[in-house]
Amino acid sequence: MLLYTFHSGFESMSHVSDVAVIGAGVFGAWTALQLRRSGRSVTLVDAFGAGNTRSSSGGISRVFRIGYGHDALYSRWAQRSLTAWLELFRDGRLELFTQTGVLWMTRSDDPMTDETVDTLRRLRVPFEILDRAELERRYPQLSFGPVTRGVLESEAGVIMARRAVQAVVRQAVRQSVDYRITAVTPPADTEHLESVRTSDGDRITAGTFVFACGPWLPTLFPATLGDRIHPTRQEVFFFGSAPGDRRFAPPAMPAWVDFAGGVYGVPDLEGRGFKVGLDHHGPPFDPDLGERRVSDGALEVARMILTRRVPALDAAPLLEAHVCQYSNSSNGDFIIDRHPEMDNVWLVGGGSGHGFKHGPAVGEYVTAQLSDRATPEARFTLAAHGTAQQRKVF
Ligand SMILES: Cc1cc2nc3c(=O)[nH]c(=O)nc-3n(C[C@H](O)[C@H](O)[C@H](O)COP(=O)(O)OP(=O)(O)OC[C@H]3O[C@@H](n4cnc5c(N)ncnc54)[C@H](O)[C@@H]3O)c2cc1C
């Protein structure tokens with residue numbers, strides 16, 4: 001609904017909705033869609049547009065696994081989310097998920113993999129355990145070094161992140177979400193937020209505001225989130241295999257994670273190259289001003305990983321490389337809570353290095369919280385999040 005209001009002597013348009021969602025990354029986009037599906041009127045705003053290159057959701061691809069060690073909550077969320085993503089893609093006739101399988105590479109003393117196996121079994125998620133000999137037989141294009149075992153989640157895969165989040169927003173717009181590209185200025189301190197201003201001189205009025213601004217949250221809410229969300233610089237590299245060599249594309253090559261080694265990989269999809277991602281947290285990063293030129297040091301590490309793990313790509317040319325940022329909470333748990341002073345403002349973020357897949361479940365959770373019926377998960381509250389970085393969720 002549009003209202004005309006008089007503000008500071010100028011006539012300006014005021015967008016009025018039940019809920020305004022600020023930020024159309026994967027968390028905000030799904031939140032807007034799920035809120036709309038619950039019958040609310042929704043305005044969705046993004047400073048640069050859904051899936052923009054600066055956002056954490058703006059990368060080419062994201063690994064979609066179900067396993068999370070003993071952590072059944074994230075595994076259940078990943079299961080539910082996968083169903084929601086696949087429904088969205090099926091309805092839109094989109095091919096944005098590839099069932100590559102996800103291979104956990106694990107060393108002998110790795111309790112997380114044993115816990116993952118237990119959880120997958122309990123949740124009836126299909127998987128296979130591969131001993132070293134079987135790993136070598138199935139994946140002769142890889143060299144396993146200290147890896148003693150593999151767990152292959154056969155129905156897991158890779159989601160094309162940027163286009164997937166844009167598809168969510170298109171669906172939201174089809175369902176009458178009012179979507180606008182403009183930047184919201186930080187709200188003034190108040191007990192109840194009536195409206196926010198935007199960079200185009202407009203004003204958005206809503207009953208409830210959800211700020212899902214990823215790595216921008218600490219600057220928008222410095223007192224509450226300045227110490228609780230730490231954006232870090234993360235680098236990914238795409239290497240090219242030899243002409244006609246299909247060993248690094250599905251079905252020969254799955255996505256893979258090696259948490260002990262601080263690295264993960266995605267097979268060649270859409271001819272973009274074999275992706276190597278460095279998962280160790282990089283230095284602090286400013287999402288607005290940070291230069292997105294990859295560092296020589298990180299490229300050297302990525303090449304070292306190729307030499308050790310994928311000898312056939314030892315001298316492969318670099319095709320593309322990107323700098324993105326994780327929005328790390330203290331331990332990797334998401335932050336989804338009401339603002340401590342503003343009673344109608346919700347903060348949704350801290351996706352850290354694993355949030356993309358969970359977009360639908362995050363949207364569902366926020367929708368339930370806004371209806372006042374749901375009990376909050378203690379781990380997502382502000383109170384549960386310290387300020388020191390001690391990563392526990394991978
Ligand atoms: C390199 C890399 C690899 C990753 N790998 C995986 C993986 O394999 N699997 C996985 O599940 N997850 C992965 N993740 C994590 C996942 O991508 C993030 O957790 C997720 O994208 C976070 O989404 P978000 O919506 O919270 O934030 P964002 O995507 O950053 O969205 C925030 C949005 O808010 C907007 N915004 C900010 N300020 C304002 C303002 N003032 N006004 C209006 N709009 C504003 C921005 O423009 C942006 O679009 C990875 C992340 C990175 C960086």
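Residues numbered from 1 in each chain as written. Predicted model: local features only at pLDDT ≥ 70, side-chain atom pairs only at ≥ 80, totals over all residues. Heavy atoms only, no water.

### As for the sheet that holds strand 9 (residues 157-160)
Rules: When DSSP finds two or more bridges between a pair of strands, those strands are recorded as paired. Segments assigned H or I by DSSP are reported as helices when at least four residues long, segments assigned E as strands when at least two residues long, and all are numbered from the N terminus. What makes two residues a contact is simply this: any of their non-hydrogen atoms within 4.5 Å. Axis lines are fitted through C-alpha atoms, for helices just across the contact stretch, and the angle between N-to-C directions can take any value from 0 to 180 degrees.
As summarised here, the arrangement of the 3 strands in space is 4-9-5, forming an open sheet in which the pairing is antiparallel. Every other strand in the sheet has two partners, leaving strand 4 (61-64) and strand 5 (97-98) as the edge strands with one partner each. Looking at chain direction, strand 4 and strand 9 are connected through 4 bridges and run antiparallel. Bridge pairing in strand 9 links Val-63 to Val-158. Against the sheet, helix 2 (residues 72-91) contacts strand 4, strand 5 and strand 9, and its axis sits at roughly 130° relative to strand 4. Sitting on the sheet, helix 5 (residues 161-174) is in contact with strand 4 and strand 9, with an inclination near 60° to strand 9.

### A word on the confidence of the model for the protein
In plain terms, the rule: pLDDT expresses how confident the predictor is about each individual residue, on a scale running from 0 to 100.
Looking at the protein as a whole, its pLDDT mean stands at 94, while 96% of the residues score no less than 70. Here residues 1-12 is a poorly scored stretch, pLDDT under 50, and it has 24 contacts once near neighbours within four places are set aside; other chains count.

### Observations regarding the site of the ligand
Rules: Near residues are defined by distance, with any heavy atom within 4 Å of the molecule or strand qualifying the residue. Any pair of nitrogen or oxygen atoms within 3.5 Å is treated as a polar contact; in protein, a donor-acceptor pairing is required on top of that, and neighbouring residues in sequence qualify only through side-chain atoms on both sides. We get accessible surface area from the Shrake-Rupley algorithm with a probe of 1.4 Å; when it comes to residues, only the shown protein chains can shield them. Here the term charged refers only to Asp, Glu, Lys and Arg, the term nonpolar to Ala, Val, Leu, Ile, Met, Phe, Trp, Tyr, Cys and Pro, and the term polar to all other amino acids, Gly among them.
Around the ligand, a shell composed of 35 residues is seen, among which Asp-46, Ser-56, Ser-57, Val-63 and Lys-357 lie nearest. Here an oxygen atom of the ligand sits 2.8 Å away from a polar atom, N or O, in the main chain of Val-63. Contact distances for the ligand include 3.4 Å between a nitrogen atom and a backbone N or O atom of Gly-353. Considered on its own, the ligand offers 1000 Å² of accessible surface; in the complex 97% of this is hidden by protein. Listed by contribution, the elements that provide at least two residues to the shell around the ligand are helix 1 (26-37), strand 3 (42-46), strand 4 and strand 17 (318-328). Per element, the largest residue contribution to the shell around the ligand is 3 residues, and it comes from strand 17. The residue inventory of the shell around the ligand, partitioned by class, reads 18 nonpolar, 14 polar and 3 charged.

### Things to note about the state of the cysteines
For the record, the criterion: Cysteine sulfurs are considered disulfide-paired once they come within 2.5 Å of each other. Only protein chains enter the accessibility calculation, which uses a 1.4 Å probe; a residue whose area is less than 20% of its type maximum is buried, one above 50% is exposed, and one in between is partly exposed.
Summed over the entire model, instances satisfying the criterion amount to 0 disulfides. Not part of a disulfide, Cys-213 finds its nearest cysteine sulfur in Cys-324, a span of 15 Å. Taking the relative accessible area as the measure of exposure, Cys-213 reaches 11% and is therefore buried.

### Thoughts on the nonpolar core
For clarity, the threshold we go by: Remark: nonpolar core denotes a set of buried residues (Ala, Val, Leu, Ile, Met, Phe, Trp, Tyr, Cys) joined through side-chain atoms within 4.5 Å.
Trp-77, Trp-85 and Ile-336 are the most contacted members of the largest nonpolar core, which totals 72 residues. Excluding residues that lie within four positions of it along the chain, Trp-77 makes contacts with Phe-334, Ile-336, His-358, Ala-361, Val-362, Tyr-365 and Phe-380. Leu-130, Tyr-139, Leu-152 and Ile-305 belong to the second largest nonpolar core, which has 25 residues in total.

### What about unusual backbone geometry?
Across the junction of Pro-250 and Pro-251, the peptide omega takes the value 5°, indicating a cis bond. Its place among the elements puts Pro-251 in the loop between strand 13 (230-239) and strand 14 (255-258). Phi is positive for Arg-124, which is not a glycine, with a value near 55°. Notably, Ser-352 is not glycine yet its phi reads approximately 50°, a positive angle. When you line up the elements, Ser-352 lands in the loop between strand 19 (345-349) and helix 9 (359-370). For Ser-352, a relative accessible area of 14% puts it in the buried group.

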